[in-house]
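# Fold and geometry: a report
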Amino acid sequence: MLITVEKMLIRWLSHKNDKGDFFFHNHDLEDCKDWIEETFERTHNVSTIERAFRQVREDKKVHECRDASLPSCKEKRWYVISTLR
């Protein structure tokens, strides 16, 4: 069975949610890249994962996803609840 980058990303988000972590910044996608490599033994670059995250948000494939950026910070911050709860 072929598992897509989107599905791996959603599983990573669920993994973070299970640990009580519902917020992440764009730089955390590097952690996602490493987690995918360790968990699925597949290598993807961060830009592919960013594109998958954009698609997941647009297609509403997670239970909840809100922009939670802080006004004093230039980096995007997201509040995400995975569909795999």
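Whatever comes next refers back to the structure up there.
First, a word on what this report is: a plain description of the structure on this page. Predicted, not measured: the structure shown is a model, and the values here were computed from it.

## Some words on the side chain of Asp28
- Mapped onto the elements, Asp28 comes out in the loop between strand E1 (23–25) and helix H2 (29–40).
- Despite its burial, Asp28 pairs with no opposite charge; the closest candidate is Lys16, at 4.6 Å N-O.
- Here His25 takes part through its backbone nitrogen, which lies 2.8 Å from a polar atom of the side chain of Asp28.

## Here we look at the pattern of salt bridges
- With the rule as written, the count across this model stands at six salt bridges.
- For Lys16, the salt bridge is made with Asp21, and the minimal N-O distance between the two is 2.7 Å.
- A relative accessible area of 10% places Lys16 in the buried class.
- Between Asp59 and Lys61 there is a salt bridge, with the nearest N and O atoms lying 3.9 Å from each other.

## What about the pairing of strand E3 (residues 77–81)?
- Of all five residues in E3, five are buried; the element is thus mostly enclosed.
- Alternating residues of E3 divide into Arg77, Tyr79 and Ile81 and Trp78 and Val80, and every residue in both groups is buried.
- Pairing analysis gives three bridges linking E1 to E3, with the strands arranged antiparallel. Bridge pairing in E3 links His25 to Arg77.
- In this structure, strand E2 (residues 64–67) lies alongside E3, joined through four bridges in antiparallel fashion. What sits directly across from Glu64, in E3, is Ile81.

The rules we used
- Residues numbered from 1 in each chain as written.
- Predicted model: local features only at pLDDT ≥ 70, side-chain atom pairs only at ≥ 80, totals over all residues.
- Heavy atoms only, no water.
- Helix = DSSP H or I, 4+ residues; strand = E, 2+ residues; numbered from the N terminus.
- Buried < 20%, exposed > 50% of the residue type's maximum accessible area, 1.4 Å probe, protein only.
- Lys, Arg positive; Asp, Glu negative; His and termini not counted.
- Salt bridge = Lys/Arg side-chain N within 4 Å of Asp/Glu carboxyl O.
- Polar contact = N/O pair within 3.5 Å; in protein donor to acceptor, adjacent residues only side chain to side chain.
- Pairing = 2+ DSSP bridges.

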